[in-house]
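# Architecture at a glance
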Amino acid sequence: VIVGADPGGRGVVAAASYEARRFGVHSAMPISQAKRRCPNAVFLPVNIAKYAEDSAEIMAILGGYSPVVEPLSLDEAFLDASGTERLFGPPIEIARTIKQRIREDVGLTASAGVAPNKLLAKIASALKKPDGLVEVGIGEEESFLRGLPISRLWGVGKVTEAELRGMGIETIGRLAATPRELLERRFGKNGALLHDLAHGRDSRPVEPFGRPKSVGAEETFQEDQRDSDRLRR
């Protein structure tokens, strides 16, 4: 299944099922390219109103287990479970209950990561999709990260990944073993941050009411445009 623009027109892929991804289809890919790679896929249109409705329902479920919830997008959020154990049990049980509630009330699977900080929870949540539950205990931070590829770390995009691989650093464990001073010389302040993250250190709190950092909108023209006045509008 591929969700996005009309495969007979122009536009991009919004999302693709795991079966379609095996053909190399991914979000933001031109829809015509997705059609060539996976011609037998079922193509469905985007339904933002439906996604927003389900998202609100999921966020309400999360808010029932902690007052400190930080949404990242329509389908992803951090939840601070500190101090909720007497009501709902240990964090791993809270995550398990939330997953069950989302399945029963919304009809969707969800993956969760339970960890001492946001970085580790984010990485853990992505390891066993589409219906995973991974816990990282206190003291297990470095052993959990050691064998993972550097691309799993926040702040490691394609450019930084290429630079790190050029230095012979391909795993988070190897990055953690690299002297902090060397990373700072190569990447500046970001080098110090990378070193901390590679050791599983992340002190950022869950912030439920943070201001959005950006707002964006996109439009795909049905034909290539060279009219500068139209493009400016």
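Right, let's walk through the structure included here.

Cut-offs used in this document
- Residues numbered from 1 in each chain as written.
- Predicted model: local features only at pLDDT ≥ 70, side-chain atom pairs only at ≥ 80, totals over all residues.
- Heavy atoms only, no water.
- Phe/Tyr/Trp six-rings, centres within 6.5 Å; stacked < 30°, edge-to-face > 60°.
- Helix = DSSP H or I, 4+ residues; strand = E, 2+ residues; numbered from the N terminus.
- Lys NZ or Arg CZ within 6 Å of the ring centre and 35° of its normal.
- Expected span 1.5 Å × (residues − 1).
- Buried < 20%, exposed > 50% of the residue type's maximum accessible area, 1.4 Å probe, protein only.
- Arc of directions from axis to C-beta.
- Contact = heavy atoms within 4.5 Å.
- Salt bridge = Lys/Arg side-chain N within 4 Å of Asp/Glu carboxyl O.
- Axes fitted to C-alpha atoms, helices over the stretch in contact; angles between N-to-C directions.
- Parallel < 35°, antiparallel > 145°, perpendicular 65-115°, else oblique.
- Left-handed = near helix turned anticlockwise from the far one by under 90°.

Here we come to the packing of aromatic side chains. Inspection of every chain in the model, using the stated rule, returns two aromatic pairs. Where Phe-78 meets Trp-154, the ring centres are 6.0 Å apart and the plane angle is 80°; that geometry is what we call edge-to-face. In this pair, Phe-78 is assigned in strand β5 (residues 76–79) and Trp-154 in the loop between α7 (141–145) and α8 (158–166), connecting sequence segments 76 residues apart. Residue placement shows Arg-21 over the ring face of Tyr-18; its charged tip is 4.2 Å from the ring centre.

Attention shifts here to helix α3 (residues 48–63). Taking 1.5 Å per residue as the helical rise, α3 with its 16 residues ought to reach 22 Å, and the 22 Å between its terminal C-alpha atoms agrees with that figure. For α3, the set of buried residues is Asp-54, Ser-55, Ile-58, Met-59, Ile-61 and Leu-62. One side of α3 holds all its buried residues, which, seen down the axis, span an arc of 150°. Facing away from the buried surface of α3 by more than 90 degrees, the exposed residues are Ala-49, Glu-53 and Ala-60. On the buried face of α3, the contacting elements are β4 (69–73), β5 and α5 (91–106).

Throughout the structure, instances matching the rule amount to 16 salt bridges. Taking the shortest distance from any N to any O, the salt bridge between Arg-232 and Asp-229 comes out at 3.3 Å. Note that Arg-232 and Asp-229 are positioned in helix α12 (residues 228–232) at a spacing of three residues, about one turn of the helix. Beyond isolated ion pairs, a larger network of salt bridges with shared partners links Arg-180, Glu-184, Asp-196 and Arg-201.

Following both chains from N to C, one finds helix α10 (residues 180–187) and helix α11 (residues 189–198) inclined at 140°, their axes separated by 6 Å at the closest point. Compared by their axis directions, α10 and α11 come out oblique. Regarding α10 and α11, the two cross each other, and that crossing is right-handed. In this structure, α10 contributes Arg-180, Leu-183, Glu-184 and Phe-187 to the contact, and α11 contributes Lys-189, Asn-190, Gly-191, Ala-192, Leu-194, His-195 and Asp-196.

All we've got here are geometric facts, nothing functional implied.
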